[in-house]
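Notes for the structure review
Each chain, written out:
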Amino acid sequence: MAEKNRSTDKRDALFRTLVHNVVTPLLGSTVAVAYATGRWDLSALGTGLAITGTLALFWKLDRTFLYPRLERIPQDWLRMETELFVSVAGHLLGALLALVACGHIFGFAVEPRTSWMLLVGIVLVAPILHGAEMALGYYCQLGEKERLEQELRALAAQAELKALKAQINPHFLFNTLNTIAQLIHTDPIRAEATVERLAELFRYVLAGSERGQVELGEEMAFVEGYLEIERARFGERLRVTREVAPQALDVPVPGLILQPLVENAVKHGRSDDGSIDIAIRVESTGDEVIIAVADRGPGMPPAHRIGSGPGHGLRSVDERLRTTYGSEHGLEIRSNSPRGTVVTIKIPANGEV
């Protein structure tokens, strides 16, 4: 099929070349010369052939020697205008030389008369056709270049998202295995149950890394599994409240986007008595879904910035959100009243990237 398409493209290119470079200038110049001289004989045909051959020669010289140098002009509009000007000047000069030579050969005078204006118009048709073809080619090249750039940007964004997601998975694995290691000595039965829960979470992680985006309801279920693992460690000290808008559960979100926020709240949200109070709120505003994870810990320092600490969970989530939805969709961190921290993300309700 591809070979057939290439053969068709070659035939089309050959046909365009014959029409633009041979048929159109030959017929036009022959008729124009015959009209100007009043000689409808072989002299008009011979002059038409000479003009056509000269125009083709000048066009070939232009494409061989001048065109590569014009490619160095950085401005596209200036390069195209220069090419068109040179093409028009070359065609007029070539036609004039051929006309003068044939005038001496066939014995007709070449004088500035209105009747010769037809020939000038015919000669100018060729560079106009070449210019139109050149502009069309430039437009096609520009479209192809933009398409390739879009594909490269998409591939780069996809690679970046995978790299950022790969940072989260080992981070989560390390903390979970640390919890299991502590339970092995204190509560082997609970440690075994936690390992089974961890296996279920791994299956979700592997599936999520392939799909890219998942429904928010699936992410919430994954977070619940993670919290069950943490409860095996903290017991009743870990208290979680949830306020979830049901209509938001079907909204697509990047996979593994919520667990780092909850993990950060568990890690930094411990109060003075050792308890950990976390609130997860999901609300739908129509245009977007707002997800907030709040804790009652000591809170972030006033000058804290995302990525300034040793951890990379929040930074990875922030970068993934900005890469997926744009710079205006990064993490928002603020103080919780009377103490603690609130981390908020906003996801477009339609899930469009």
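Just so you know, the residues in each chain are numbered from 1, in the order the chain's sequence is written. Only residues with pLDDT of at least 70 get local features here, since the model is predicted, and only at 80 or more are side-chain atom pairs given and counted; chain-wide, interface and lining totals rely on the full set of residues. The side-chain quantities take in all heavy atoms of the structure and omit both hydrogens and water.

**Describing a nonpolar patch on the surface**
Patch definition: residues above 30% relative accessible area lacking any salt bridge, with like charges linked at up to 9 Å and the nonpolar side chains Val, Leu, Ile, Met, Phe, Trp and Tyr linked at up to 5 Å. What sets the accessible areas is the Shrake-Rupley method with a 1.4 Å probe; for residues, cover comes only from the shown protein chains. Basic side-chain nitrogens of Lys or Arg form a salt bridge, by our definition, when they fall within 4 Å of a carboxyl oxygen of Asp or Glu. The grouping of Leu14, Leu18, Val22, Val23 and Leu27 at the surface amounts to a nonpolar patch, some 440 Å² of accessible area in total. Starting at the N terminus, helices and strands are each numbered in turn, a helix being any DSSP run of H or I of at least four residues and a strand any DSSP run of E of at least two. Here Leu27 is to be found in helix 1 (residues 2–37). Each residue is assigned to one of three classes by its accessible area relative to the maximum for its type, calculated with a 1.4 Å probe on protein chains only: buried under 20%, partly exposed between the two thresholds, exposed over 50%. Judged by relative accessible area, Leu27 falls into the exposed class, the value being 55%.

**Quick notes on the nonpolar core**
Only buried residues count toward a nonpolar core, which is a set of Ala, Val, Leu, Ile, Met, Phe, Trp, Tyr and Cys residues joined through side-chain atoms within 4.5 Å. In this structure, Leu216, Leu227, Leu258, Leu261, Val266 and Ile278 are the most contacted members of the largest nonpolar core, which totals 42 residues. Counting only elements with at least two residues in this core, the list comes to helix 5 (188–211), helix 6 (216–234), strand 2 (238–244), helix 7 (259–268), strand 4 (276–284), strand 5 (288–295), helix 8 (313–325) and strand 7 (341–348). Residue contributions to this core peak at 8 residues, all from helix 6. Dropping the residues within four chain positions of it, Leu258 is found in contact with Leu216, Glu219, Met220, Val223, Ile291 and Ile345. The next biggest cluster of nonpolar side chains, apart from the first, holds 10 residues, and it includes Leu55, Ala95, Leu99 and Phe108. By definition in these notes, contact holds between two residues if any of their heavy atoms fall within 4.5 Å.

**A few points about the sheet that holds strand 2**
What holds strands together in a sheet is hydrogen bonding between their backbones, with the strands either parallel or antiparallel. Taken together, the 5 strands give an open sheet; going across it, the order is 2-4-5-7-6, and neighbouring strands pair in mixed fashion. The strands lining the two open edges of the sheet, one partner per strand, are strand 2 and strand 6 (332–335). Shown here is a sheet whose adjacent strand axes are inclined to one another by a mean of 15 degrees, direction ignored. For two strands to pair, DSSP has to find at least two bridges joining them. Sheet analysis places strand 2 next to strand 4, joined by 7 bridges and oriented parallel. With axes taken as lines fitted to C-alpha atoms, and helix axes fitted only over the stretch in contact, angles between N-to-C directions fall between 0 and 180 degrees.

**What to know about the packing of helix 6 against helix 7**
For the pair helix 6 and helix 7, interaxial distance at closest approach is 10 Å and the crossing angle is 20 degrees. Relative to helix 7, the element helix 6 is oriented roughly parallel. Where helix 6 crosses over helix 7, the handedness of that crossing is right-handed. Of the residues in helix 7, those touching helix 6 at Phe222, Val223, Tyr226, Leu227, Glu230 and Phe234 are Gln259, Val262, Glu263 and Val266. We call Asp, Glu, Lys and Arg charged. Ala, Val, Leu, Ile, Met, Phe, Trp, Tyr, Cys and Pro are nonpolar, and the rest, Gly among them, are polar. The residue inventory of the contact of helix 6 with helix 7, partitioned by class, reads 7 nonpolar, 1 polar and 2 charged. Angle categories: roughly parallel below 35 degrees, roughly antiparallel above 145, roughly perpendicular from 65 to 115, and oblique for all the rest. Note on convention: near helix rotated counterclockwise from far helix by under a right angle means a left-handed crossing. Clockwise means right-handed.

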